[in-house]
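Residues per chain, in single letters:
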Amino acid sequence: MQLLGCSQRLAAGVHAEKLKGTACRTQGRAAVALRPRAAASVEVSGRDIREDAHNRANEPGSDAFNARYVPFKAVEDGSASRGSEEQYSLDEVLYRSNDGGLLDVHHDMDALRHFDAAYWKKLFDGRNATTSWPYGSGVWSKKEWVLPEISSDDIVSMFEGNSNLFWAERFGHQLGMSDLWVKQCGNSHTGSFKDLGMTVLVSQVNRLRKIKPDSVQAVGCASTGDTSAALSAYCAAAGIPSIVFLPADKISLAQLVQPIANGALVLSIDTDFDGCMKLIQEVTRSSPIYLANSMNSLRLEGQKTAAIEILQQFNWQVPDWLIIPGGNLGNIYAFYKGFKMCKDLGLVDRLPRLVCAQAQNANPLYLAYKNGYDTFAPVKAQTTFASAIQIGDPVSIDRAVLALRETDGIVEEASEEELMDAAARADLTGMFNCPHTGVALAALTKLRERGVIAPSDRTVVVSTAHGLKFAQSKVAYHSQEIEGIGSRYANPPVQVKENFGSVMDAIRTKFNQL
């Protein structure tokens, strides 16, 4: 099946000029309204926002956009844009191409180009952070670029995305930088960036369960913690059974309790993430359980919207650098894909340079980068405080290499002491970082020290999870209980007696100017 050209669909009763002038676009059963922000909100008390979305259905041109699965190899060699011979509907349940390689979601770019950059900017900006279903979501505000054919009736969303991008002024000054920013993707419903991808995957599953009831009876994933939390929450919201495979004693208590609270079947397995990943693939091959890990390219469609969101927050200006923690390596490709889509459709004129930051104890991409990507060998991941990226055999290695090569990217690593110190140092400037963000901040520090990143370079560090999910590691750091780590920035509580003199002595010791 070939991707239908824009002209073919537009010819079916809708003229191009009529579409170019219309104020609305619809996808499946949902219109894309070009309205001022205030008008996009639900203003009438008692109205159902899903019903409102449904009533906007079937506007002219609703079939103008589509997307299909294609082999990732077709993306690598450029044949996807020319019309890959092997392609599949997103309504099919499959995860790999005929040769066993990964799949990628490929959009009909000719149809999207029918509208110019100004149109897309106005559309996305006008929907941003409204209560209009489903466009108030940071993901679904870009619905035409994500899952263009899904009905809004099928979307499962918690209005994820729209996370804050803040100027890390004080920490930046410590590094001699004037334009350092942190994208707080952990400020989300389940506390990590995984929500961005899970809303897309679970929405498509919701659709599949309606049109093919026997094809999907539950959704499962292997996880180092954050994926399981996102999957269980979104499945609970949709009433879909979920199953999570977790490596025993290798995730934080906060991460463990999330899928438990959301009603998932939680399997604690005596292995590491890579072992859990092998098991879930076996299970999904032999049962109507849908695979939710990032080898499923649907999740990357949601995660790529964080890149578009960053551009929006910079008024469509491109940062010089973007630093991302990397484990299974789907996220760095997702950011690349979002930036590239904006460039290909004329919204920006260049790509940022990408940096993938890995924990030294789980660094297969870093090792491959050091040898020019000539060879890649999985490693046995060792224990790291950055547990969500404790992965030695990443599924998306080829995706990550493509993203890095296309952006003249860099891979850096951080030891356990470096990542914990970097997180703690940045916390002292007002942040509250997870260990994975600590890996990215440590990589930033190294690149600044070597002069790779210049003082004036606009740099974005992607914070992938909320620090509250990893409070145990912070307690251990500030208690100076971690063997082999000096806890340079430790700030333990001070025990004092219940009298004024003792309290003032403690205050003067800390702040000797008082």
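Residues numbered from 1 in each chain as written. Predicted model: local features only at pLDDT ≥ 70, side-chain atom pairs only at ≥ 80, totals over all residues. Heavy atoms only, no water.

1. A look at unusual backbone geometry
In step 1: Omega for the bond connecting tryptophan 133 with proline 134 falls within 30 degrees of zero, at -10°, which places this linkage in the cis form.
In step 2: Secondary-structure assignment places proline 134 in the loop between α8 (117-127) and β5 (165-167).
In step 3: One non-glycine residue, phenylalanine 159, lies in positive phi territory at about 55°.
In step 4: Mapped onto the elements, phenylalanine 159 comes out in the loop between α8 and β5. (Helix = DSSP H or I, 4+ residues; strand = E, 2+ residues; numbered from the N terminus.)

2. Quick look at the UniProt feature "modified residue: N6-(pyridoxal phosphate)lysine" (unreviewed entry) in the chain
In step 1: As annotated in UniProt, the feature "modified residue: N6-(pyridoxal phosphate)lysine" (unreviewed entry) corresponds to Lys194 in the numbering used here.
In step 2: Mapped onto the secondary structure, lysine 194 falls in helix α10 (residues 194-211).
In step 3: With relative accessibility at 11%, the residue lysine 194 sits in the buried group.
In step 4: Those residues in contact with lysine 194 that sit more than four places away from it in its chain are Asp226, Thr227, Ala230 and Arg299. (UniProt positions renumbered as here; feature names shortened; annotations may be inferred. Buried < 20%, exposed > 50% of the residue type's maximum accessible area, 1.4 Å probe, protein only. Contact = heavy atoms within 4.5 Å.)

3. Some remarks on the sheet that holds strand β8 (residues 242-247)
In step 1: The strand order β9-β8-β7-β10 describes an open sheet built from four strands, whose pairing is parallel. If you trace the sheet from one side to the other, it starts and ends with β9 (265-269) and β10 (289-291), each paired once. With strand direction ignored, the average angle separating the axes of adjacent strands in the sheet is 25°.
In step 2: Sheet topology note: the strand β7 (residues 218-222)/β8 ladder contains four bridges and is parallel. Across the sheet, the residue bridging to cysteine 221 is valine 244, located in β8. (Pairing = 2+ DSSP bridges. Axes fitted to C-alpha atoms, helices over the stretch in contact; angles between N-to-C directions.)

4. Here we look at the packing of aromatic side chains
In step 1: Per the counting criterion, the structure on display carries 15 aromatic pairs.
In step 2: Ring geometry for tryptophan 133 versus phenylalanine 159: centroids 5.7 Å apart, planes at 40°, classification tilted. With tryptophan 133 in the loop between α8 and β5 and phenylalanine 159 in the loop between α8 and β5, the pair connects residues that are 26 residues apart, well separated along the chain.
In step 3: In this structure tryptophan 133 comes out as buried when scored by relative accessible area, which is 6%.
In step 4: Judged by its relative accessible area of 28%, phenylalanine 159 falls in the partly exposed class.
In step 5: Among the aromatic residues, ring-to-ring pairing joins Phe65, Phe115, Tyr119, Trp120, Phe124 and Trp145 into one connected group.
In step 6: The ring centre of phenylalanine 314 lies 4.2 Å from the NZ or CZ of arginine 458, which sits over that ring.
In step 7: Lying across the ring of phenylalanine 432, lysine 474 places its NZ or CZ 4.7 Å from the centre. (Phe/Tyr/Trp six-rings, centres within 6.5 Å; stacked < 30°, edge-to-face > 60°. Lys NZ or Arg CZ within 6 Å of the ring centre and 35° of its normal.)

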